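Residues per chain, in single letters:
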Amino acid sequence: MEECGSAPGLPGPRNQPAMPKGLRTVASPRVINIEDLRRLARRRLPKVIFDYVDGGAEGEVTLRENCRVFDDVTFRPRQAVAISTCELSTRVLGLNLSFPAILAPVGYSRLMHPGGEVAAAAAAGSAGIAYTLSTISGHKLENVRAASPGPVWYQLYLVGGRQVAEAAIERARRAGFSALVVTIDTPVAGMRERDPRNGIKELLGGSAVAKIPFLPQILAHPAWLAAFLLDGGVPNLENIVIPGKGPMPLMDVTAALASAVVTWEDLRWLRQVWRGPIVVKGVLTGDDAKRAVEEGAAAVVVSNHGGRQLDGVSSSLRALPEVVAAIGDQAEVLMDGGVRRGSDIVKAISLGARAVLVGRAYAYGLAAAGQAGVARALEILRDDVERTLRLLGCPSTSLLNASYVDVPASWRWKASP
Ligand SMILES: Cc1cc2nc3c(=O)[nH]c(=O)nc-3n(C[C@H](O)[C@H](O)[C@H](O)COP(=O)(O)O)c2cc1C
């Protein structure tokens, strides 16, 4: 039996109601930072699932660079400043967020933990931030909406074509999703080399014989396997409903994605279909950011899909200043990629992002302990942001700007003619 840890904000061991499931697993001192959640996720998940979350495309150069680049940015604190209250909240697309973070769309979340998208949305809402539901979801979008007391956004892939997308958009509108996030960096799926090595296709959809060579890694994780089987096994994709056929089987999605490229033309069509704000995710240049705004985007996400698509593109943080310079006065600029600490969030905000999306940082928590693990990831990031602001001598996230950081001289970007 584990010792009862007591982390800030978590109930202590004595004279308290029983802890919700999973809280002990992720309490301090076992979990102090996001890397600790990653370690627990690695222990709980079969290799095939852990590597699906953790891995990136090809040589994983961009994946590594997304995290490393934060080290290139150094802080310039203002010392001897007394801050009585530290204001972390921020407004994104008219929504009030308790701190400048949003949960990124993470496909196949239900494979990480049966609670999946529902658990992540509930944790985000309880923490006062927004959750973005991926098209590649094992839970119905209506149930995800119902689970969160906070705002939820719907991320769209055009899997199955416009008719299928339109039906999902209409369901999302009726359920109360407040923004549509259109991912534009996925004309085909990136080559994530760990996945075929681990037999992801065979394990999730292959014949019994095809599975055999890859089974030992699954059998080595009986707790995950039991939860997965009790949850009904490989889930269907509940929000990609093919007319006359029903929800798309999970294994059909890779092939379907290959013919689901989103073009600027589609953006124009989506502008007609969705009346609320559109967020264009996957922008890495000032020119694409301008184009997104021309096509009606209210916000863009500077993103390389967490290093999972085109390997060798620049890190998101490195691309952020160019995008802010191009459209910062016309649309909101968000970024994601490599955020593992609250200080990373503070650096991104200082360089012009209004908020960041976090992907793996919460996915590790979800895999480690379901909703409690996501809540712990958010608690860590939020506490980090507050401590960093106080150490910087900055009383509010809204007052952060480039004067609080130094960037390498080589970060000068060239404006296109
Ligand atoms: C396991 C996993 C699944 C993802 N699935 C999607 C998805 O379905 N749609 C999407 O737009 N982005 C997806 N992404 C990308 C994230 O939304 C986000 O851009 C990325 O995770 C940010 O990098 P980070 O993980 O370093 O925070 C996924 C990322 C991961 C790690």
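Criteria and thresholds
Residues numbered from 1 in each chain as written. Predicted model: local features only at pLDDT ≥ 70, side-chain atom pairs only at ≥ 80, totals over all residues. Heavy atoms only, no water. Buried < 20%, exposed > 50% of the residue type's maximum accessible area, 1.4 Å probe, protein only. Helix = DSSP H or I, 4+ residues; strand = E, 2+ residues; numbered from the N terminus. Pairing = 2+ DSSP bridges. Right-handed = clockwise from strand over helix to strand, strands pointing away. Near = heavy atom within 4 Å. Polar contact = N/O pair within 3.5 Å; in protein donor to acceptor, adjacent residues only side chain to side chain. Areas by Shrake-Rupley, 256 points an atom, 1.4 Å probe, with all protein chains shown as cover. 1 Å grid on protein atoms, 1.4 Å probe; cavity = no way out; pocket = protein on both sides within 12 Å on 5 of 7 lines; lining within 4 Å. Sits in = over half its atoms within 2 Å of the grid points. Phe/Tyr/Trp six-rings, centres within 6.5 Å; stacked < 30°, edge-to-face > 60°. Lys NZ or Arg CZ within 6 Å of the ring centre and 35° of its normal. Axes fitted to C-alpha atoms, helices over the stretch in contact; angles between N-to-C directions. Parallel < 35°, antiparallel > 145°, perpendicular 65-115°, else oblique. Left-handed = near helix turned anticlockwise from the far one by under 90°. Contact = heavy atoms within 4.5 Å. Nonpolar A, V, L, I, M, F, W, Y, C, P; charged D, E, K, R; others polar. Salt bridge = Lys/Arg side-chain N within 4 Å of Asp/Glu carboxyl O.

Undergrad: Which residues make up the pairing of strand 10 (residues 278-283), and what values do they have?
TA: Among the six residues of strand 10, six are classified as buried, and the element is accordingly described as predominantly covered. By the bridge criterion, four bridges tie strand 7 (residues 179-183) to strand 10 in an arrangement that is parallel. Within the sheet, the bridge partner assigned to Val 182 lies in strand 10 and is Val 280. Direction of pairing for strand 10 relative to strand 11 (residues 299-302): parallel, over a ladder of four bridges. The residue of strand 11 that forms the bridge with Val 280 is Val 300. Chirality of the crossover, the property in question, places the unit of strand 10, helix 15 (residues 286-294) and strand 11 among those that are right-handed.

Undergrad: Please provide a residue-by-residue account of the site of the ligand, values included.
TA: Surveying the vicinity of the ligand reveals 21 residues, the closest of which are Pro 105, Ser 134, Thr 183, Asp 336 and Gly 338. The separation between an oxygen atom of the ligand and a polar side-chain atom of Ser 303 is 3.5 Å. When the free accessible area of the ligand is taken as 600 Å², the share hidden by the protein chains comes to 98%. Spatially, the ligand is embedded in the largest pocket.

Undergrad: Pulling in residues and values, what's your account of the packing of aromatic side chains?
TA: Summed over the entire model, instances satisfying the criterion amount to four aromatic pairs. Pairing Phe 50 with Tyr 364 gives two aromatic rings, centres 6.4 Å apart and planes at 25°, and the pair type is stacked. Taken together, the residues Phe 50 in helix 2 (residues 47-54) and Tyr 364 in helix 18 (residues 360-392) connect sequence positions 314 residues apart. Each member of the pair, Phe 50 as well as Tyr 364, carries the same accessibility label: buried. Over the ring of Tyr 404 we find Arg 78, and its NZ or CZ is 3.9 Å from the ring centre. In this structure, Arg 308 is placed above the aromatic ring of Tyr 52, and the distance from its NZ or CZ to the ring centre is 4.9 Å.

Undergrad: Break down the packing of helix 2 against helix 18 for me, citing the residues and quoting the values.
TA: When two helices pack together, their arrangement is given by the angle between the helix axes and the distance between those axes. Close contact between helix 2 and helix 18 brings their axes to 10 Å; oriented N to C, the two are set at 160°. One way to sum up the angle between helix 2 and helix 18 is to call them roughly antiparallel. Two packed elements cross with a definite hand, and for helix 2 against helix 18 that hand is right-handed. On helix 18, the residues touching Phe 50, Val 53 and Asp 54 of helix 2 are Arg 360, Ala 363 and Tyr 364. Of the residues assigned to the contact of helix 2 with helix 18, the class counts are four nonpolar, no polar and two charged.

Undergrad: Please give an account of the environment of Ala 372 that cites residues and values.
TA: Following the sequence through the fold, Ala 372 ends up in helix 18. On the accessibility criterion, Ala 372 (9% relative accessible area) is buried. Considered as a pair, Ala 372 and Val 26 are 346 residues apart in the sequence and their alpha carbons are 7.5 Å apart. Among all residues touching Ala 372, those that are not within four sequence positions of it are Lys 21, Gly 22, Leu 23 and Val 26.

Undergrad: Go over the pattern of salt bridges with me, naming the residues and quoting the values.
TA: The full count for this structure, using the stated rule, is 25 salt bridges. Linking Arg 68 and Asp 72 is a salt bridge whose minimum nitrogen-to-oxygen distance equals 2.9 Å. Look at Arg 68 and you get partly exposed, because its relative accessible area is 36%. With a relative accessible area of 27%, Asp 72 lands in the partly exposed category. Among the ionic pairs, Glu 386 bridges to Arg 390, the shortest N-O distance being 3.1 Å.

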